[in-house]
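# Coordinates in review
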Amino acid sequence: MSTTAPSTRPGPELPPATNWRRPQINQGWLARLLDSKGFLIIACLTPALGLLMVFLTYPLGLGIWLAFTDTHIGRGGSFVGFENFESLWYDRVFWGAVFYTVFYTTVATVLKFGLGLWLALLLNENVPFKSLLRAIILLPWIVPTVLSAIAFWWMFDAQFSIISYILVDVLGWRDTYIDFLGTPWHARWSLVFANVWRGIPFVAISLLAGLQTISPSLYEAALLDGASSWQRFTRITAPLLMPILAVVLTFSVLFTFTDFQLVYAITRGGPINSTHLMATLAFQRGIPGGQLGEGAAIAVSMIPFLILATLFSYFALARRKWQQGEAND
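Residues numbered from 1 in each chain as written. Predicted model: local features only at pLDDT ≥ 70, side-chain atom pairs only at ≥ 80, totals over all residues. Heavy atoms only, no water.

### Quick look at helix 10 (residues 229–257)
An α-helical turn contains 3.6 residues, so any two residues separated by three or four positions project in the same direction. Quick reminder of the rule: The helix and strand labels rest on DSSP assignments: H or I over at least four residues marks a helix, E over at least two residues marks a strand, and numbering proceeds from the N terminus. What a helix is expected to span follows from its residue count: subtract one and scale by 1.5 Å. Throughout, bend refers to the angle between the axes fitted to the seven residues that end at a position and the seven residues that start at it.
With 29 residues, helix 10 extends just 34 Å between its outermost C-alpha atoms, more than 12% less than the 42 Å of an ideal straight helix rising 1.5 Å per residue. Where helix 10 bends most, at M242, the angle is about 60°, and the proline P243 comes one to four residues later.

Written as structure tokens, this is what we have:
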């Protein structure tokens, strides 16, 4: 038995080892930007950021600056510091507008949410003509605000009010017509009624969309366990609907707090400045009154209230971690 020795034939010579390194290309900042995903993000956001700067940031900054000046229409002003805010501190009309703004926002929001949630729960059930009812409920939201205000102005008129006609001539409940817009509290409640009528569709349809996302199997399991209607609402509907409730509530508060068209078209702040909101008072002082600095100061005074409403939405949405079984930070 013979064995073969391994071949000792020399192989090809390899080049000597060197400290070889891939050549580095010195790219400029523009090339790196074009090669990165950040360029695409910036390109997509630039138009939106431009619109925000033009239509939101600039007017807000200009309004804040005017609040610290004594600018009038047709005449430039100079910086006066907190003088406009100090004069508002002793202005009874301003504090009356603050009171009615908070009253108007609180009462109208509570009524809109109560009635809107009830309508959403009703339309979520299998009721006859459900699609038609949804379309009818949307009508107050579709109609332009000024047209709604003119219709309510006619309904609340001292001489030709259809409400007073029904109460006096048809039902015989009263002897005289009601002056809805001639006395302070009648006018205040009339505006609240008009705002509730107009704002219910937004709340109802938004909450209805949230109810559609809740799985029916959860309610079926609760029925098998013997849960009552109230228990199903408090243990299933309310927790799962909480994020949408927080968002809708925040938008409703913002829309109501900054309401202008409805109030100004119906009462223009009267009688005797009793129905002025902060928005309508700022407009009256700044544009018809010509005192742009004081009007801007009233508008800037609204910002803390709006920030509080936004923070409420943020912390309410943070509860979603609790709904998902996670611990809140």
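### What about the pattern of salt bridges?
Using the following cut-off: By definition here, a salt bridge exists when the distance from a side-chain nitrogen of Lys or Arg to a carboxyl oxygen of Asp or Glu is within 4 Å. Exposure classes here rest on a 1.4 Å probe applied to the protein chains alone. A residue is buried below 20% of its type maximum, exposed above 50%, and partly exposed in between.
Evaluated as defined, the whole model comprises two salt bridges. With a closest N to O distance of 2.9 Å, R285 and D91 form a salt bridge. Highlighted residues: R285 in helix 12 (residues 278–286) and D91 in the loop between helix 3 (83–89) and helix 4 (92–123), separated in sequence by 194 residues. Taken individually, R285 and D91 each receive the classification buried, so the pair is uniform in this respect. A salt bridge links R285 to E294, with the shortest nitrogen-to-oxygen separation between them at 2.5 Å. Accessibility assignment for this pair places R285 and E294 in one class, buried.

### Focus on the packing of aromatic side chains
How two aromatic rings sit relative to each other is given by the distance of their centres and the angle of their planes. So the rule is basically this: Pairing of aromatic side chains here covers Phe, Tyr and the six-membered ring of Trp, requires ring centres within 6.5 Å, and sorts the geometry by plane angle: under 30 degrees stacked, over 60 edge-to-face, intermediate tilted. Only when the NZ atom of a Lys or the CZ atom of an Arg is both within 6 Å of the ring centre and within 35 degrees of the ring normal do we say a charge sits over the ring.
Enumeration according to the criterion identifies 25 aromatic pairs in this entry. Geometrically, the ring pair formed by F99 and F103 is stacked, given 6.2 Å between the ring centres and 25° between the ring planes. Note that F99 and F103 are positioned in helix 4 at a spacing of four residues, about one turn of the helix. Accessibility expressed as a relative area gives 42% for F99, which makes it partly exposed. Residue class for F103 comes out buried when judged on its relative accessible area of 17%. Through successive ring pairs, a cluster of aromatic residues spans F99, Y100, F103, Y104, W185 and W189. The cationic tip of R188 hangs over the ring face of W185; the distance from NZ or CZ to the ring centre is 4.6 Å.

### A short note on the confidence of the model for the protein chain
So the rule is basically this: For every residue, the predictor reports its confidence as pLDDT, a number between 0 and 100. The contact criterion used is simple: two residues touch if any of their non-hydrogen atoms lie within 4.5 Å.
Per-residue confidence for the protein chain gives a mean pLDDT of 83, with 83% of residues at or over 70. Scored below 50 in pLDDT, residues 322–329 shows eleven contacts in the model against residues more than four places distant or in partner chains.

### Description of the nonpolar core
Operational definition: Buried residues of nine kinds, namely Ala, Val, Leu, Ile, Met, Phe, Trp, Tyr and Cys, make up a nonpolar core once their side-chain atoms join them within 4.5 Å.
Counting 40 residues, the largest nonpolar core has Y100, Y104, V192, L207 and I266 as its most contacted members. Going through the elements one at a time, helix 4, helix 6 (145–155), helix 8 (184–211), helix 10 and helix 11 (261–266) are the ones with two or more residues in this core. Sort the elements by how many residues they give to this core and helix 8 lands first, with eleven residues. Beyond its immediate stretch of four places on either side in the chain, V192 contacts Y100, F103, Y104, V107, A108 and L111.

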